[in-house]
Amino acid sequence: MADDRPVPLDEYPVHQVPLSMKHVATGDRNAYDRCIFHVLDHEGRALLIVGLGVYPNLGVIDAYATLRTGQILHAVRASDALGEDRMRLTVGPLRIEVEEPLRRLRLVCDDDALSYDLVWTAGFPALSEPHHVQRRGGRLTLEGRRFVQAGSVAGVLRAAGEEFRVTPGEWTGTRDRSWGVRPMPGEDGGRLAAEHPTEGFHWIWCPVRFADRFLMVIVQEDADGYRTLNDATLVRPGHPDRQLGWPQPEITYRPGTRHPERAVVHLGDVRKPQELEVEILTSSPLALGAGYPPADDWQHGTWRGHGWTDRRTYGLTERHPLAAYGVTDHAARFRLDGQVGHGIFEHGSFGRHDPSGFTGFDSTAR
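The structure reproduced in this document is the subject of the present report.

Rules used throughout
Residues numbered from 1 in each chain as written. Predicted model: local features only at pLDDT ≥ 70, side-chain atom pairs only at ≥ 80, totals over all residues. Heavy atoms only, no water. Salt bridge = Lys/Arg side-chain N within 4 Å of Asp/Glu carboxyl O. Helix = DSSP H or I, 4+ residues; strand = E, 2+ residues; numbered from the N terminus. Buried < 20%, exposed > 50% of the residue type's maximum accessible area, 1.4 Å probe, protein only. Core = buried A, V, L, I, M, F, W, Y, C linked by side-chain atoms within 4.5 Å. Contact = heavy atoms within 4.5 Å. Polar contact = N/O pair within 3.5 Å; in protein donor to acceptor, adjacent residues only side chain to side chain. Pairing = 2+ DSSP bridges.

1. Concerning the pattern of salt bridges
Two side chains bearing opposite charge may form a pair once their charged atoms approach each other closely. Considering all chains together, one arrives at 24 salt bridges under this definition. The salt bridge involving lysine 22 is made with glutamate 84; its shortest N-O contact spans 4.0 Å. Remark: glutamate 84 occurs in the loop between strand 4 (72-81) and strand 5 (89-91) and lysine 22 occurs in the segment before strand 1 (31-41); sequence separation between them is 62 residues. Residue classification places lysine 22 among the buried residues on the basis of a relative accessible area of 18%. For glutamate 84, a relative accessible area of 32% puts it in the partly exposed group. Residues joined by salt bridges that share partners form a network here, namely Glu43, Glu279, Arg333 and Arg335.

As structure tokens, this is what we get:
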């Protein structure tokens, strides 16, 4: 007999379909619901990335935290069976407390390898990102809904005997919430994937916090430069959100790599064309420690048994082979219209990309 007992969330009038809140409307194994936070200091000394995800049809909840300081990346990951209380965002030593929805959250990791106790406070209203859909041949591979937000962070952060006092004036926080379906480990693309191989993928996801405004830029392009996702929106409290047209990135890569050293994003505001200048401060490849593909030691949604916790350190002095084939989050300083801001320049470029001059997966900048 199936276990169909109500769960605590069923007490609230939030149902979307005639199912218990224990279940999602789709039977797709790739259903997910997760978040990611970035906490960065304005001098590039530290970049903390924290995430937590729920995979209802896989029965898994997991979380991670990575901290880059200097040339070392510290990582703590945890995974467990998904329980009935979906409002309890705790896995092993990692937890997220929603103190005030869309306004204030507490991030905690209580582990000897990496620990923090931080309060994340929104500085701007949450902004919905474009509906994200990807297909391979005729098969839907990703359909996600997201919102993004920027704010301030306060608290303490410790790793390897080093302590950082996190203060709103010297640190910035961004976050992203997403849910829907996306490929999980073990997914087999089948004949459609074999008949429609990926030629190239080019991606920029860029939330930036300035003193009085928040800017979000998203670009996704195919191998030939065809744009499948596009957004540049400026948020200012008390003003209508403003779209800044068709962003055109101009990236300077480190020779022999696809690692961006700096960039300029041309924003097509018809009233006043502007340039967003990007200065990279430090970088954290999501394939190292954070569980994003093509990570070879742990990926999101993977069943590792009850109460699994793992701790790793990665040396970043030399280029890691996995980093070249995964998305990297770069803490960055930005300049726009005479103002200086801070945020994330997330970038991934794999395979052919005609606008950049990359001819294949082994092609790099000269």
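2. Observations concerning the nonpolar core
Core analysis: the biggest nonpolar cluster contains 33 residues, and Tyr116 and Leu157 have the highest contact counts within it. Setting aside anything within four residues of it in sequence, one finds tyrosine 116 in contact with Leu48, Val50, Ala65, Leu94, Leu107, Val108, Cys109, Val156 and Leu157. Membership of the second largest hydrophobic core comes to 25 residues, among which are Leu286, Ala290, Trp298 and Val327.

3. Some points on the environment of arginine 311
With respect to the helices and strands, arginine 311 occurs in strand 21 (residues 308-315). According to the relative accessible area criterion, arginine 311 is partly exposed, its value standing at 45%. Residues arginine 311 and aspartate 111 lie 200 residues apart in sequence; the distance between their C-alpha atoms is 9.3 Å. Filtering out sequence-adjacent residues up to four positions away, arginine 311 remains in contact with Ala75, Val76, Asp111 and Ala113. Only 2.9 Å separates the side chain of arginine 311 from the side chain of aspartate 111, close enough to count as a polar contact.

4. Side note on the environment of glutamate 199
Structurally, the position occupied by glutamate 199 is in the loop between helix 1 (190-195) and strand 14 (200-209). Each C-alpha atom, one on glutamate 199 and one on isoleucine 36, is 28 Å from the other, the two residues being 163 residues apart in sequence. Aside from chain neighbours lying at most four places away, what touches glutamate 199 is Ala223, Phe350, Gly351, Arg352 and Phe361. Within the structure, glutamate 199 has its side chain in polar contact with the side chain of arginine 352 (distance 2.5 Å).

5. A word on unusual backbone geometry
Backbone phi values are negative for most residues with the exception of glycine, while trans is the configuration of most peptide bonds. Residues proline 293 and proline 294 are joined by a peptide bond in cis, for which omega reads 5°. Look at leucine 102: it is not a glycine, yet its phi comes out positive at around 65°. By the secondary structure assignment, leucine 102 is in the loop between strand 6 (94-100) and strand 7 (104-110). Judged by its relative accessible area of 48%, leucine 102 falls in the partly exposed class. Even without a glycine there, the phi angle at aspartate 337 is positive, about 55°. Assignment of secondary structure puts aspartate 337 in the loop between strand 22 (328-336) and strand 23 (339-351).

6. Digging into the pairing of strand 22
Burial within strand 22 is extensive, with eight of its nine residues counted as buried. For strand 20 (residues 274-285) and strand 22, the ladder comprises eight bridges, and the chain directions are antiparallel. Bridged to valine 278 within strand 22 is phenylalanine 334. As paired strands, strand 22 and strand 23 are joined by nine bridges and run antiparallel to one another. Looking at the pairing, histidine 330 lines up with phenylalanine 345 of strand 23.

Everything listed here is a matter of coordinates, which is why it stays silent on function.
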